[in-house]
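Listed below are the residues making up each chain.
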Amino acid sequence: MNNLFKKILRKKNINHKHPAHLKKCLSALDLTLLGIGCIIGTGIFVLTGIAAANQAGPAVILSFIVSGFACAFAALAYAELSSSIGGCGSAYGYSYVAFGEFFAWIMGWILLMEYGMSIAAVANGWSGYFNNALTAMGLGLPESLSKAPSLGGLVNLPAMVIILIMMSLLIVGAKQSAKFNAAMVFIKLLTITLFISVAIFNVNPANWHPFMPYGWFSTLPDGKTVGVLAGASLVFFAYVGFDAVSTAAEEAINPQRDLPKGIIGSLAFCTVIYIIVSLLLTGVVPYQELNVSSPVAYALQKIGFQWASAVVATGVIAGLTTVMLVLYYALTRIIFAMSRDGLLPHALSEVNKNTNTPVKVIVFCGLIISLIAGFIPLGTLAEIVNIGTLAAFVIVSLGVIFIRKLHKNNKATFKNKWHPLIPLLGIFSCGALMFFLPHETWRRFLIWVFIGIVFYFTYSIKHSHLNKKPA
């Protein structure tokens with residue numbers, strides 16, 4: 001029994017370095033744009049309206065602020081760990097150093113759920129907008145090719161195709177993917193600027209009353225949670241993405257300097273954008289009307305700007321494309337790191353000599369996720385993604401406390417000045433948001449974790465590279 005505990009709690013040394021397989025090519029600007037590319041998407045274009053209509057009313061702005069604060073504490077923790085530990089495994093790699101192999105495996109397993117399901121869900125949303133655009137041009141796809149079997153179709157073909165296109169981009173290389181991401185980010189920021197420019201002159205202050213129709217938090221008889229804090233637990237999905245920046249550590253030109261800039265910069269920029277958009281959105285139309293798939297475009301239609309609505313719909317397609325690209329990128333780098341440590345099959349960590357990218361893992365993820373997106377409707381999985389992300393944030397915040405104790409004298413890395421207050425606030429705020437999620441979400445989450453535990457004890461513990469040599 002003692003030997004088993006030693007195995008599952010074995011840790012990597014903080015100075016453990018892998019051979020430099022991945023090409024260092026990403027600047028601080030590239031990293032910041034990766035974060036913005038992933039953060040600004042489903043949250044601002046979809047969840048803002050749903051949270052306002054069903055959970056928070058005009059006070060959805062407070063929901064974004066609450067979530068933003070929780071993310072800020074976690075972002076500072078990510079910035080410190082990505083700078084001091086690095087590696088492309090994100091929270092998985094940090095957990096390996098701070099808590100040991102078993103906890104690292106669980107963290108990595110949770111991240112696989114978070115990123116994998118996010119990509120498939122966003123692909124479904126992208127498919128809907130894309131088909132709407134085709135329909136407007138008289139080229140709409142039949143239901144049999146645009147819906148999953150459970151929704152009356154045969155396959156969601158656009159969802160499958162867009163994932164395979166993202167797969168091709170990532171195979172070509174990280175720098176090329178970053179250039180494509182930057183172009184798409186520019187388009188969607190133009191879209192948001194257009195909305196702000198039009199909406200700011202069409203606000204009706206009466207729409208902001210009552211400001212908090214659902215209060216701070218309450219549970220309805222059917223188990224549904226409402227209020228500002230429940231809204232914060234939902235719109236938290238809008239912030240998923242800044243943590244993906246940390247998965248680019250091994251491809252950053254100067255990770256100690258640039259990763260903190262990319263993580264904190266992208267989060268700060270997007271928080272400001274979310275607050276402005278949610279304030280204007282609920283000021284332009286009554287919050288009760290915003291329970292639609294594209295509330296931003298809908299609001300512009302309601303005030304008579306049809307052309308602006310069409311432009312925004314185009315921006316949504318660009319926005320969701322970058323979200324998929326960055327999530328996909330992050331997922332492949334996490335699997336790459338876990339495979340390189342022996343916890344997943346070795347083939348998934350092989351790097352192509354021509355492109356300097358892990359082609360096998362990119363193709364493996366692309367084929368599986370495209371099938372999931374094509375045949376399974378995933379519109380209800382935002383809360384499952386949220387609980388995985390929040391769990392990661394809690395563990396990363398806790399990890400900072402452990403790592404800072406062990407390595408006090410490393411001056412070359414980013415360190416937040418208010419230690420341990422910042423990580424403790426991160427643990428408390430993210431843990432509280434997990435508490436406000438429904439019981440069904442917790443049940444699904446725990447089932448996934450149980451499957452991961454079984455896989456670890458039947459495969460990973462035997463094949464771990466720490467079995468073969470000291471950390």
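Residues numbered from 1 in each chain as written. Predicted model: local features only at pLDDT ≥ 70, side-chain atom pairs only at ≥ 80, totals over all residues. Heavy atoms only, no water.

Caption draft 1: Up close: helix α16 (residues 439–463). In this model, α16 (25 residues) spans 35 Å end to end at C-alpha, consistent with the 36 Å of a helix rising 1.5 Å per residue. The sharpest bend along α16 comes to roughly 50 degrees, located at Y456. (Helix = DSSP H or I, 4+ residues; strand = E, 2+ residues; numbered from the N terminus. Expected span 1.5 Å × (residues − 1). Bend = angle between axes of the 7 residues up to and from the residue.)

Caption draft 2: How the structure looks around the nonpolar core. Residues Y78, F195, F242, Y328 and F393 are the most contacted members of the largest nonpolar core, which totals 139 residues. Here this core gets 18 residues from one element, more than from any other, and that element is helix α12 (residues 306–340). If near-sequence neighbours (up to four positions away) are discounted, F242 is found in contact with I39, C71, A74, A75, Y78, I263, S266, L267 and F393. (Core = buried A, V, L, I, M, F, W, Y, C linked by side-chain atoms within 4.5 Å. Buried < 20%, exposed > 50% of the residue type's maximum accessible area, 1.4 Å probe, protein only. Contact = heavy atoms within 4.5 Å.)

Caption draft 3: Seen up close, the pattern of salt bridges. Scanning the entire structure with this criterion turns up three salt bridges. Residue E289 is joined to K302 by a salt bridge in which the shortest nitrogen-to-oxygen separation is 3.3 Å. Of the two residues, E289 sits in the loop between α10 (255–284) and α11 (295–302) while K302 sits in helix α11, which places them 13 residues apart along the sequence. Classification of E289 as partly exposed rests on a relative accessible area of 29%. Among the residues examined, K302 registers a relative accessible area of 45% and is labelled partly exposed. Across the salt bridge formed by E350 and K360, the nearest N and O atoms sit 2.6 Å from each other. A residue pair is termed long-range when its members are at least 10 positions apart, and E350 in the loop between α12 and α13 (359–375) and K360 in helix α13 qualify at 10 residues. (Salt bridge = Lys/Arg side-chain N within 4 Å of Asp/Glu carboxyl O.)

Caption draft 4: Summary view of the packing of aromatic side chains. Across all of its chains, the model carries 16 aromatic pairs by this definition. An angle of 65 degrees between the planes, with centres 5.7 Å apart, marks the rings of Y92 and Y96 as edge-to-face. Remark: Y96 and Y92 occur in helix α5 (residues 91–98); sequence separation between them is four residues, near one turn of the helix. Y92 gets classed as buried once you look at its relative accessible area, which sits at 1%. Accessibility expressed as a relative area gives 0% for Y96, which makes it buried. Aromatic pair F102 and F457: ring centres 5.8 Å apart, planes at 35 degrees, arrangement tilted. Taken together, the residues span a long stretch of sequence, with F102 in helix α6 (residues 101–136) and F457 in helix α16 at a distance of 355 residues. (Phe/Tyr/Trp six-rings, centres within 6.5 Å; stacked < 30°, edge-to-face > 60°.)

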